[in-house]
Amino acid sequence: MTAPTPTPAPTRGVIHDLGYARYAGERRQPSTLWRVIARNQLAYTWKTWWRWKPAILGALITTVTVGALLYFSRDKMFDALRSNGAAARLIDGLIPLSFKFFRMAAFIVTMTVASTSIAQDRSTGAFTFYFSRPVRPIDYVIGKLVAMTAVMASLLMAGPVVLTLFRIGLADTPTEALHLLPLVGNAILVGAVASLIYAAAPMAMSALIGQRWPALGAWAGYWMFGIAMVAFGAYAAWPPLIVIDPGVAIEVLAIKLWHLDMTGPGAEAGLGAALISLTLHLTVAVGLIYASVRRHALASVGASS
């Protein structure tokens, strides 16, 4: 009787991934990831001619025009004009009044980038890309807001600060220059607040709606008509409530910091009312951005908390 033939042991195949390579690049701390988001947003905003660059041109034209008016107003032929109190105040008010034109330039960027930024990330599936990695919602929100605020500051802060420094340089005496020096801080404050508002408000609309073109339309309708109608309705009830409109609140803030007399609907609003309005708008906008981003981030594949 022959012995049974032993059954050969099953062989095990080994699969080698020839495309794998160990990551040898820079490893960033989680607390710095917002910088990557910010740089990506800045790079995207700068691409093509129609997003950021026309707004920069508009802000530059405003800066040169107001600077020329300031320069020629110091000429001797304007001595008689400056002797008139109302005319002199108008000349001194050129810089705070110029914020209205700088805001027009900033509005261009809200339409081309800010109001569609987060909505585009949601509609293209970029949220899954971001949040399947160790990117927290707070990293994403900070990165987006920092980048967009920097973009807006190039339009709403740079020009007024340059004009203020130019006005100080035109002072007739060192005493006058020292007297005007605090205006630099005023220009920085108004520019910073306006930049934050023009960055956060359209991005809140973008985060809430989540689709690019509807978000763009909703933002345009809200900023150009919706908030103005609400503000004028409130104005009819109590005039200081006109500062519910953030644009009017920014103008009131600038005029009051320059200690000028304001005409028009915002004349009865005070500095405190403008600051309260702008603070509330900014708080609500940032809160809406974070809440919306966090909700959709947690729903993404592999989202981190």
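Note that the structure is a prediction, hence the values are computed from the model and not measured. (Residues numbered from 1 in each chain as written. Predicted model: local features only at pLDDT ≥ 70, side-chain atom pairs only at ≥ 80, totals over all residues. Heavy atoms only, no water.)

(A) View of the pattern of salt bridges. Per the stated rule, a full pass over the model turns up four salt bridges. As a salt-bridge pair, glutamate 251 and arginine 103 come within 2.6 Å of each other at their nearest N and O atoms. Pair noted here: glutamate 251 is in helix H13 (residues 246-257) and arginine 103 is in helix H5 (residues 94-114), with a separation of 148 residues, a long-range link. The residue glutamate 176 makes a salt bridge to arginine 167 at a minimum N-O spacing of 3.2 Å. The exposure classification of glutamate 176 matches that of arginine 167, with both residues buried. (Salt bridge = Lys/Arg side-chain N within 4 Å of Asp/Glu carboxyl O. Helix = DSSP H or I, 4+ residues; strand = E, 2+ residues; numbered from the N terminus. Buried < 20%, exposed > 50% of the residue type's maximum accessible area, 1.4 Å probe, protein only.)

(B) Main features of the side chain of serine 277. Of note, serine 277 is situated in helix H14 (residues 271-298). Sequence-distant contacts of serine 277, defined by excluding residues within four places in its chain, comprise Val243, Ile244 and Ala249. (Contact = heavy atoms within 4.5 Å.)

(C) Representation of the packing of aromatic side chains. In this structure the tally under the stated criterion is 14 aromatic pairs. Arranged with centres 5.3 Å apart and planes meeting at 85°, the rings of phenylalanine 127 and phenylalanine 131 form a pair that is edge-to-face. Pair noted here: phenylalanine 127 and phenylalanine 131 are both in helix H7 (residues 126-131), with a separation of four residues, about one helical turn. The exposure classification of phenylalanine 127 matches that of phenylalanine 131, with both residues buried. (Phe/Tyr/Trp six-rings, centres within 6.5 Å; stacked < 30°, edge-to-face > 60°.)

(D) Just helix H2 (residues 53-73), in detail. Over its 21 residues, H2 extends 30 Å from the first C-alpha to the last, a length consistent with the 30 Å expected when each residue adds 1.5 Å. Three or more residues of H2 are buried, namely Ala55, Ala59, Thr62, Thr63, Val66, Gly67, Leu70 and Ser73. Considered in projection along H2, the buried side chains sweep an arc of 125° and stay on one side of the axis. Turned more than 90 degrees from where H2 packs its buried face, Leu57, Ile61 and Val64 sit exposed. (Expected span 1.5 Å × (residues − 1). Arc of directions from axis to C-beta.)

(E) Up close: unusual backbone geometry. Backbone geometry at threonine 48 places phi at a positive 65°, although glycine is not the residue there. The residue threonine 48 is located in the loop between helix H1 (33-46) and H2 in this model. The exposure class of threonine 48 is partly exposed, given its relative accessible area of 36%.

(F) Just a nonpolar patch on the surface, in detail. Together, Leu57, Leu60, Ile61 and Val64 make up a nonpolar patch on the protein surface, roughly 390 Å² of accessible area in all. Inspection of the secondary structure puts leucine 57 in helix H2. (Patch = residues over 30% accessible without salt bridge, like charges linked within 9 Å, V, L, I, M, F, W, Y side chains within 5 Å. Areas by Shrake-Rupley, 256 points an atom, 1.4 Å probe, with all protein chains shown as cover.)

(G) Representation of the nonpolar core within the structure. Counting residues in each nonpolar core, the largest one holds 76 residues, and the members touching the most others are Val109, Tyr140, Met148, Met152 and Trp258. Here this core takes 15 residues from helix H11 (residues 182-209), the largest share from any one element. In contact with valine 109, not counting residues within four places along its chain, are Arg51, Trp52, Ala55, Ala114, Met148, Val151, Met152 and Leu155. (Core = buried A, V, L, I, M, F, W, Y, C linked by side-chain atoms within 4.5 Å.)

(H) Geometry of the environment of serine 154. Of note, serine 154 is situated in helix H8 (residues 137-156). We classify serine 154 as partly exposed; its relative accessible area is 28%. For serine 154 and glycine 191, which are 37 residues apart along the polypeptide, the C-alpha to C-alpha distance reads 9.3 Å. A polar contact of 2.5 Å, which involves the side chain of serine 154, links it to the backbone oxygen of valine 151. (Polar contact = N/O pair within 3.5 Å; in protein donor to acceptor, adjacent residues only side chain to side chain.)

As far as function goes, none of this settles anything; it's purely spatial.
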